[in-house]
Amino acid sequence: MTFLEIEAFLNIVQYGSFSAAAEKLYITQPALGRRIRALEEELGYALFVRNKGVRHVELTRQGQAFIGLAHRWQALWNETQEEALLGNEKSFYVASVGSLMAFLLPTVFQTFMKENSECSLHVMTLHSSDAYGYVSNKKADIAFITDPMYSSQVKTNILFEEELCLVVGKDLKLPSVLKLADLDPRHEIRTQWDRNFDAWHNYFFGSSAVPRVYLDEMGFMQYFTQSGDTWAFLPRSIASTMVEKFPVSIHELDIKPPNRTLYYLYRVQDASPYQDMLLRLCLEKLSKEDGITIRDQERH
């Protein structure tokens, strides 16, 4: 008696015919028939009444009685497989936009691994547009993004909002309070925070403005700020770190850029048991940062 034979029997019962069950299982009817005959031979009795020309199947008395046993057998099989997987590896797949991966999540991951030494952590960087597919297809258990979409299979929650501020290289010798119109885009290190910021930037600087550097990966930001003759719009948490290490300073603007919003995604039906642990650590870290407003109401 095998899992495939039990699966074949229960699908025939559910869909009412060999042809419909074969279609659902993506196998041919002869292959399905062989599985049922092998199961009947092992049990020693027929499960279905064979009537030529009848499209819908009819169960024998023994077949009716076997339905409950088949369901219990299948449930037990699934349980043993889950236990086997958990015994080999407890995995947690995390995806994120580059800005969080470069500045917030590394310290969070360090604490997470200390608290969950049995877990195999898998980390990947991706764009917001790719995150929903990764979570839906179980390539990621949780993803942190900036630009949300609608999905019936993936839940989207706001995690926090953060101020964007102006960081200026000290070699430019600009005053502490600036007018937005005084900024020269030719000295800008430009990065894409979210669609709302892009719309704001295009409105004030024009879509044709050419920056000094355009970065698609936040991990490189620290290398370009070392020159001291560039400026950039950065989240407050990242800007504070930059000021401590590089020749830059934070400046006030007459027109402030919009806050950026960070979201997290997870599957509705089978959220990872590690999800809440990671989010708890993220919120603990975020609560210590200036310029951040936590919005995750599910954890308050």
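Here's what I pulled together on the structure shown here. (Residues numbered from 1 in each chain as written. Predicted model: local features only at pLDDT ≥ 70, side-chain atom pairs only at ≥ 80, totals over all residues. Heavy atoms only, no water.)

Attention now moves to the sheet that holds strand β11 (residues 231-235). A sheet is described by the order of its strands in space; here four strands give the open sequence β8-β12-β7-β11, paired in mixed fashion. The open sheet has two free edges, formed respectively by β8 (177-178) and β11, since each of these has just one partner strand. Pairing between strand β7 (residues 164-169) and strand β12 (residues 248-253): four bridges, direction antiparallel. The partner of valine 167 across the bridge, within β12, is isoleucine 250. (Pairing = 2+ DSSP bridges. Helix = DSSP H or I, 4+ residues; strand = E, 2+ residues; numbered from the N terminus.)

What follows concerns the packing of helix α6 (residues 105-115) against helix α11 (residues 275-286). For any two helices packed against each other, one specifies the inter-axial angle together with the distance between the axes. Relative to each other, α6 and α11 sit at 135 degrees, their axes nearing to 10 Å. Taken together, the axis directions place α6 and α11 in an arrangement best described as oblique. α6 and α11 meet at a crossing whose hand is right-handed. Residue-level inspection shows Leu105, Thr107, Val108, Phe109, Thr111, Phe112 and Glu115 of α6 in contact with α11, the latter providing Met277, Leu278, Arg280, Leu281, Cys282 and Lys285. (Axes fitted to C-alpha atoms, helices over the stretch in contact; angles between N-to-C directions. Parallel < 35°, antiparallel > 145°, perpendicular 65-115°, else oblique. Left-handed = near helix turned anticlockwise from the far one by under 90°. Contact = heavy atoms within 4.5 Å.)

Moving on, we come to the packing of aromatic side chains. Applying the stated criterion across every chain, the model contains 15 aromatic pairs. Measuring from ring centre to ring centre gives 5.3 Å for tryptophan 200 and phenylalanine 204, while their planes differ by 55 degrees; the resulting arrangement is tilted. You can see tryptophan 200 and its partner phenylalanine 204 sitting in helix α8 (residues 195-205), four residues apart, about one turn around the helix. Residue tryptophan 200 is classed as buried on the basis of its relative accessible area, which comes to 12%. Here tyrosine 203 and phenylalanine 204 contribute two aromatic rings whose centre-to-centre distance is 4.9 Å and whose plane-to-plane angle is 85 degrees, an arrangement assigned as edge-to-face. Among the aromatic residues, those joined into a cluster by ring pairs are Phe197, Trp200, Tyr203, Phe204, Phe205, Trp231 and Phe233. (Phe/Tyr/Trp six-rings, centres within 6.5 Å; stacked < 30°, edge-to-face > 60°. Buried < 20%, exposed > 50% of the residue type's maximum accessible area, 1.4 Å probe, protein only.)

Leu166, Leu183, Trp193, Phe233 and Leu234 are the most contacted members of the largest nonpolar core, which totals 27 residues. When residues of this core are traced back to their parent elements, those giving at least two are β7, α8, β10 (213-215), β11, α10 (236-245) and β12. When residues of this core are assigned to their parent elements, the largest contribution, five residues, is made by β7. Setting aside residues up to four positions removed in sequence, tryptophan 193 forms contacts with Ser99, Thr146, Leu164, Met218, Phe233, Leu234, Pro235, Ile238 and Arg260. Ranked by size, the runner-up nonpolar core spans 26 residues in total, among them Leu100, Phe112, Leu262 and Tyr266. (Core = buried A, V, L, I, M, F, W, Y, C linked by side-chain atoms within 4.5 Å.)

Counted by the stated rule, this structure contains twelve salt bridges. Notably, a salt bridge pairs aspartate 270 with lysine 138, separated by 3.3 Å at the nearest N-O pair. On the criterion of sequence distance, the pair formed by aspartate 270 in the loop between β13 (260-267) and α11 and lysine 138 in the loop between α7 (128-136) and β5 (142-145) is long-range, its members being 132 residues apart. The class for aspartate 270 is partly exposed, based on a relative accessible area of 31%. Looking at lysine 138, the relative accessible area reads 54%, which means it is exposed. Across the pair arginine 295 and glutamate 161 runs a salt bridge whose closest N-O atoms are separated by 3.5 Å. In this pair, arginine 295 sits in the segment after β14 (292-294) while glutamate 161 sits in strand β6 (residues 154-162), placing the two residues 134 residues apart along the sequence. (Salt bridge = Lys/Arg side-chain N within 4 Å of Asp/Glu carboxyl O.)

What follows covers the environment of methionine 277. In this structure, methionine 277 sits in helix α11. The partly exposed category is assigned to methionine 277, whose relative accessible area is 31%. Spatially, the C-alpha atom of methionine 277 lies 7.5 Å from that of phenylalanine 112, the residues being 165 residues apart in sequence. Methionine 277 has contacts with Phe112 and Asn116, leaving out every residue within four places of it along the chain.

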